[in-house]
Amino acid sequence: GNFSFSSEQYSHDLFVNDPSSINDKTVSEIKVLVSNSFINVESNYTINQLQLYNLEGKLISESMSNRLLRNKLKNGIYVLKISQNDRVFSRAIFIN
């Protein structure tokens, strides 16, 4: 699901490549905010790369920072891959 804050959405679904490598505190330190223009990731750790995939597994967009442009994304569900040094997280993103 998602939560609406005015024109922004917050995605809270999280998938991790190696669940034993993190704890609940690490997961809670990653926030994904979706606005009309950007997908922004907030974390206490450095974001090395963001990659946005559609549900068919096609790479739609990527960035070497904590922000992706939301150019021309169709409504739907996407998977956001978040790389932080040796850790990789994925979140379901809902665009509407």
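Residues numbered from 1 in each chain as written. Predicted model: local features only at pLDDT ≥ 70, side-chain atom pairs only at ≥ 80, totals over all residues. Heavy atoms only, no water.

**Let's talk about the overall build of the protein**
Helices and strands together make up the secondary structure of the protein, namely one helix and 10 strands. Ordering the α and β elements of the protein from the N terminus gives β-β-β-α-β-β-β-β-β-β-β. Relative to its full complement of 96 residues, the protein shows a buried share of 36%. If you take every contact in the protein between residues at least 6 apart in sequence, the share linking residues at least 24 apart comes to 51%. (Helix = DSSP H or I, 4+ residues; strand = E, 2+ residues; numbered from the N terminus. Buried < 20%, exposed > 50% of the residue type's maximum accessible area, 1.4 Å probe, protein only. Contact = heavy atoms within 4.5 Å.)

**As for the packing of aromatic side chains**
This structure, assessed with the given rule, holds zero aromatic pairs. The lysine or arginine in question, arginine 67, covers the ring of phenylalanine 38, its NZ or CZ lying 4.2 Å from the ring centre. Looking at arginine 87, its charged tip hangs above the ring of tyrosine 45, at a distance of 4.3 Å from the centre. (Phe/Tyr/Trp six-rings, centres within 6.5 Å; stacked < 30°, edge-to-face > 60°. Lys NZ or Arg CZ within 6 Å of the ring centre and 35° of its normal.)

**Some points on unusual backbone geometry**
Phi at lysine 72 is positive, roughly 50°, even though this residue is not glycine. Inspection of the secondary structure puts lysine 72 in the loop between strand 8 (67–69) and strand 9 (76–84). A positive phi angle is found at asparagine 85, which is not glycine, with a value near 50°. On the secondary structure map, asparagine 85 appears in the loop between strand 9 and strand 10 (87–95).

**Examining the side chain of glutamine 84**
With respect to the element layout, glutamine 84 can be found in strand 9. Setting aside chain neighbours within four positions, we find glutamine 84 in contact with Ile30, Ser43, Tyr45, Thr46, Ile47, Asn48 and Phe89.

**As for the nonpolar core**
Grouped together as the largest cluster of nonpolar side chains are 16 residues, with contacts concentrated most on Val32, Ile39, Val41, Leu80, Ile82 and Ile93. Sorting the residues of this core by element identifies strand 4 (30–34), strand 5 (38–43), strand 6 (49–53), strand 9 and strand 10 as the ones contributing at least two each. Beyond its immediate stretch of four places on either side in the chain, isoleucine 39 contacts Val32, Leu33, Val34, Leu52, Asn66, Arg67, Leu68, Arg70, Leu73, Leu80 and Ile93. (Core = buried A, V, L, I, M, F, W, Y, C linked by side-chain atoms within 4.5 Å.)

**Focus on the environment of isoleucine 82**
If you trace the backbone, isoleucine 82 turns up in strand 9. In this structure, the C-alpha to C-alpha distance between isoleucine 82 and asparagine 66, residues 16 residues apart in sequence, is 8.7 Å. Residue contacts for isoleucine 82: discarding those within four places in its chain leaves Ile30, Val32, Val41, Ile47, Gln49, Leu50, Arg87, Val88 and Phe89.

Geometry only, nothing functional implied.
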